[in-house]
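Architecture and fold: a report
Chain by chain, the residues run as shown.
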Amino acid sequence: MVHTARLRHYSLAAPSSRNVPAKWLAAAAFAAIGLLAAPAAQAQEAPPAPVVTVAKPLVRDIVEDDEFVGRFEAVDQVSLRSRVGGYLDRVHFQDGTLVKQGDLLFTIDQRPFKAALNQAQAQVDSAKTLVEFSKMQFERAETLSREGNIPVSTLDDRRREYLAAQAQLDGAEAALENASLDLEFTEIKAPFSGRVDRRLISPGNLVQADQTVLTTIVSIDPIDFYFDIDERTYFAYARDARERGGVMQEGAGGVDVVVRVADRDEATFKGKLDFAENRLDEATGTMRARARFDNKDGVLQPGMFGRINVPGSLPHPGVLLPDEAIGADQNRRIVFVVDEAGLISAKPVRTGPRIDGYRVIREGLTGEETVVINGLVRVRPGVTVKSEMTTLPPKVEAEGQTQ
């Protein structure tokens, strides 16, 4: 009984290697070799370091520009009204044309005014006759008074009549001058050269003196551009103006400015700052400034929207980078710097305006760093990269911009 139990126990034990088929042993051996070789294969298949383009920032003397939004306004503009009332007789211009100072634009019916002028002239002639007669009477009375033939009171009456006749003549001549002016005012002329608007009233309509607007005229060349600056900017501009020997209210010494309009990306219109108001607006805390531009070709129009660039600093050393080299990390701007070993690190920077196609780096870089300018999506801090060095050109022309 004991021997039999031992035999059964032995039969339940794992079979020895002598009884395992050879194909099973071979499969197990290959699996073990594969497990040992896997780490080496993975090490051999590690991805290569990303390739990025790097460059040194541009470092040179710059003048930072500030950009403001504003509108063009005519240097001179007028709503044309008649100084006399009457019926409009004729219109002497084509709508929208350029006119010169003194050009005849409208004529009020002159017949009533010519009649009034003739009447005033007749009154002057009558007053002159009365003056001559009263003068002779006064001179005769003086002679008779010296001889004692008339009393002194009569001489005084003749003197009074003569003086009254002279005053009446003066009044008649003033009425004649007024009638002459009224007749002259029936011809409404351009007060300055510019572009006239459409006529706002047709011939035959009644024109009310000093009320009815006939048309408007705006000057074209030169043209002004108005924009608002905040209090902090004003202090900076005023300080720079004193350095130049000028005053902000007088144009800060004639600072050169450029402006671009809606159909042009490049600021091609050049002018000069020439005026600023003498106080800040208490409600907005801003001051209105003005620049003047030549406009001989008439491209710039009053009321047109524009963006003006004003030098916001005196010349100083600046660090410049292309915009594509600057990334964002939440609420701050960063650039990726590569050391000699190819290790990437991030540096926060404070950016400024664009100059010659580059972005000004106001803080964060000295200009000696090597910065990633192409391939930012492939890098992050702590990654080792393969660098391809390039040199930034002095100026970048953006696509779509014109000279």
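Above this text sits the structure in question.
So, here's what we can say about the structure. (Residues numbered from 1 in each chain as written. Predicted model: local features only at pLDDT ≥ 70, side-chain atom pairs only at ≥ 80, totals over all residues. Heavy atoms only, no water.)

Considering the overall build of the protein
We count it as follows: Each helix is a run of H or I in the DSSP string that is no shorter than four residues. Each strand is a run of E no shorter than two, and both are numbered from the N terminus. Summary of the burial criterion: residues with accessible area below 20% of their type's maximum are buried, those above 50% are exposed, and those between are partly exposed, where the area comes from a 1.4 Å probe applied to protein chains only. Areas reported here follow the Shrake-Rupley algorithm with a probe of radius 1.4 Å; residue values treat only the protein chains shown as occluding.
When its secondary structure is counted, the protein shows five helices and 23 strands. Sorting the 403 residues of the protein into buried and exposed places 33% on the buried side. Taken as a whole, the protein presents about 25,200 Å² of accessible surface, with 51% of it coming from carbon and sulfur.

Section: helix α3 (residues 111-147)
Going by this rule: Given a helix with a known number of residues, its expected span is that number minus one, times 1.5 Å. Residue contacts are defined here by distance: any two heavy atoms, one from each residue, within 4.5 Å place the two residues in contact.
A rise of 1.5 Å per residue sets the reference length of α3, with its 37 residues, at 54 Å; its end C-alpha atoms lie 55 Å apart and thus fit the reference within 8%. Those residues of α3 that are buried lie in contact with β7 (104-108) and α4 (152-185). Looking one or two residues past α3, Gly 148 carries a phi angle of roughly 80°, positive in sign.

A closer look at the pairing of β7
Let me state the cut-off plainly: Whether two strands pair comes down to DSSP finding at least two bridges between them.
Buried residues dominate β7, accounting for four of its five residues. Where strand β5 (residues 86-91) lies against β7, three bridges are found, and the strand directions are antiparallel. What sits directly across from Arg 90, in β7, is Thr 107. Taken together, the three bridges between β7 and strand β8 (residues 187-189) define a ladder with antiparallel strand orientation. Residue pairing in the sheet places Leu 104 in a bridge with Lys 189 of β8.

Looking at the environment of Thr 97
Within the secondary structure, Thr 97 is located in the loop between β5 and β6 (98-99). Judged by relative accessible area, which is 28%, Thr 97 ranks as partly exposed. Considering only alpha carbons, one finds Thr 97 and Val 196, 99 residues apart in sequence, at a separation of 5.8 Å.

Structural notes on the sheet that holds strand β15 (residues 286-293)
Strand pairing in a sheet relies on backbone hydrogen bonds. The paired strands run either parallel or antiparallel. For clarity, the threshold we go by: Interaxial angles span 0 to 180 degrees and are taken between N-to-C directions of axes, which are lines fitted to C-alpha atoms, for helices over the stretch in contact.
If you walk around this closed barrel you meet the six strands as β3-β12-β15-β14-β13-β16, and the pairing is antiparallel. Adjacent strand axes in the sheet meet at a mean angle of 40°, parallel and antiparallel pairs treated alike. Helix α5 (residues 231-244) contacts β3 (65-74), β12 (223-230), β15 and β16 (305-311) of the sheet and is inclined by roughly 115° relative to β12.

Side note on the nonpolar core
In plain terms, the rule: We call a set of buried residues a nonpolar core when its members are Ala, Val, Leu, Ile, Met, Phe, Trp, Tyr or Cys and they connect through side-chain atoms within 4.5 Å of each other.
Membership of the largest hydrophobic core comes to 33 residues, with the highest contact counts inside it found for Leu 105, Phe 106 and Ile 217. When neighbours within four sequence positions are excluded, Phe 106 is seen to be in contact with Leu 80, Leu 88, Arg 90, Val 91, His 92, Phe 93, Thr 186, Glu 187, Ile 188, Arg 199, Leu 214 and Thr 215. The next biggest cluster of nonpolar side chains, apart from the first, holds 26 residues, and it includes Phe 72, Ile 229, Tyr 237 and Met 287.

Side note on the environment of Leu 104
Topologically, Leu 104 is positioned in strand β7. The exposure class of Leu 104 is partly exposed, given its relative accessible area of 27%. Considering only alpha carbons, one finds Leu 104 and His 92, twelve residues apart in sequence, at a separation of 6.4 Å. Ignoring anything within four residues of it in the chain, the contact list for Leu 104 reads His 92, Glu 187, Ile 188 and Lys 189.

Observations concerning the pattern of salt bridges
Our working rule: Any carboxyl oxygen of Asp or Glu within 4 Å of a side-chain nitrogen of Lys or Arg constitutes a salt bridge here.
Applying the stated criterion to the full structure yields 19 salt bridges. Asp 356 serves as the salt-bridge partner of Arg 60, at 2.7 Å between the closest nitrogen and oxygen. Placement of Arg 60 in strand β2 (residues 58-62) and of Asp 356 in the loop between β20 (344-355) and β21 (358-363) is noted, with a sequence separation of 296 residues between them. With its nearest N and O atoms 3.0 Å apart, the salt bridge here joins Asp 156 to Arg 159. Remark: Arg 159 and Asp 156 occur in helix α4; sequence separation between them is three residues, near one turn of the helix. The class for Asp 156 is partly exposed, based on a relative accessible area of 38%. The partly exposed category is assigned to Arg 159, whose relative accessible area is 33%. Each of the salt bridges in this network shares a partner with another, and the network as a whole consists of Asp 224, Asp 274, Arg 290 and Arg 292.

With respect to the packing of α3 against α4
Going by this rule: Orientation categories follow fixed angle ranges, with anything under 35 degrees roughly parallel, anything over 145 roughly antiparallel, 65 to 115 roughly perpendicular, and all other angles oblique. Handedness of a crossing follows from how the near helix is turned relative to the far one, being left-handed for an anticlockwise turn of less than a right angle and right-handed for a clockwise one. Under the grouping applied here, Gly and all other residues not named as nonpolar or charged are polar, the nonpolar ones being Ala, Val, Leu, Ile, Met, Phe, Trp, Tyr, Cys and Pro and the charged ones Asp, Glu, Lys and Arg.
For the pair α3 and α4, interaxial distance at closest approach is 7 Å and the crossing angle is 165°. Viewed along their axes, α3 and α4 adopt a mutual orientation that is roughly antiparallel. As α3 runs across α4, the sense of the crossing is left-handed. Here the contact of α3 with α4 is built from residues that sort into 19 nonpolar, eight polar and nine charged.

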